[in-house]
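# Close look at the chain arrangement
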Amino acid sequence: MAMNCIKSLRNDVMMKVVVGVERRRMFAVKAKKGSKGGGAADAPKASTLSKEVQSTTVVGANILKDGADPKILLDSEYPDWLWHLLDKHPALSELRRKKIETLPYEDLKRFVKLDNRARIKQNNSDKAKN
């Protein structure tokens, strides 16, 4: 078994010598001395798209290989829920201060979710201490 391994290693070495294959570790190119970075070469390039194209399309939003960037639509053409995505939601501590009976359905649902998450975290930390 050991002889087979030695023979195969010897054959590999001989093939590398005959073929001229060498494996060398390559390092990154070193920066020039006196260069602190942030020079003109590192500055972002100016966009080559016209102002008209930039104002009518969402540049860079295409995720498909053969697709095109989506066009910007009128506000009335987007769904209503889209405009409420960035609204601030109350934190758990704020929801705990209010009466549960008076909370609207969305806040009650959020309270249950956040309370369950907090309880799970507390149980996990208690188990980790023991």
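The protein chain is annotated in an unreviewed UniProt entry as Large ribosomal subunit protein mL54 of Actinidia rufa. Annotation of the protein chain in UniProt includes, under Sequence similarities (unreviewed entry), the sentence "Belongs to the mitochondrion-specific ribosomal protein mL54 family." The UniProt entry for the protein chain carries this comment under Subcellular location (unreviewed entry): "Mitochondrion".

Turning our eyes to something else, we now look at the packing of aromatic side chains. This structure, assessed with the given rule, holds 1 aromatic pair. Where Tyr 78 meets Trp 83, the ring centres are 6.1 Å apart and the plane angle is 90°; that geometry is what we call edge-to-face.

Relative to the elements of secondary structure, Asp 107 occurs in helix α4 (residues 105-129). Lys 98 is the oppositely charged side chain nearest to the buried, salt-bridge-free Asp 107, at an N-O distance of 4.8 Å. Those residues in contact with Asp 107 that sit more than four places away from it in its chain are Pro 90 and Leu 95.

Before going further, it helps to spend a moment on α4. Every α-helical turn comprises 3.6 residues, leaving residues that sit three or four positions apart pointing alike. Its 25 residues place the ends of α4 36 Å apart at the C-alpha level, agreeing with the 36 Å of an ideal helix rising 1.5 Å per residue. Regarding α4, the residues found buried are Asp 107, Phe 111 and Leu 114. At its buried positions, α4 is contacted by α3 (92-97).

The subject of this paragraph is the nonpolar core. If you look at the biggest cluster of nonpolar residues, it comprises 5 residues: Leu 92, Leu 95, Leu 103, Phe 111 and Leu 114. Of all elements in the fold, only α3 and α4 reach the threshold of two or more residues within this core. Ignoring anything within four residues of it in the chain, the contact list for Leu 114 reads Pro 90, Ala 91, Leu 92 and Leu 95.

The rules we used
- Residues numbered from 1 in each chain as written.
- Predicted model: local features only at pLDDT ≥ 70, side-chain atom pairs only at ≥ 80, totals over all residues.
- Heavy atoms only, no water.
- UniProt positions renumbered as here; feature names shortened; annotations may be inferred.
- Phe/Tyr/Trp six-rings, centres within 6.5 Å; stacked < 30°, edge-to-face > 60°.
- Helix = DSSP H or I, 4+ residues; strand = E, 2+ residues; numbered from the N terminus.
- Buried < 20%, exposed > 50% of the residue type's maximum accessible area, 1.4 Å probe, protein only.
- Lys, Arg positive; Asp, Glu negative; His and termini not counted.
- Salt bridge = Lys/Arg side-chain N within 4 Å of Asp/Glu carboxyl O.
- Contact = heavy atoms within 4.5 Å.
- Expected span 1.5 Å × (residues − 1).
- Core = buried A, V, L, I, M, F, W, Y, C linked by side-chain atoms within 4.5 Å.

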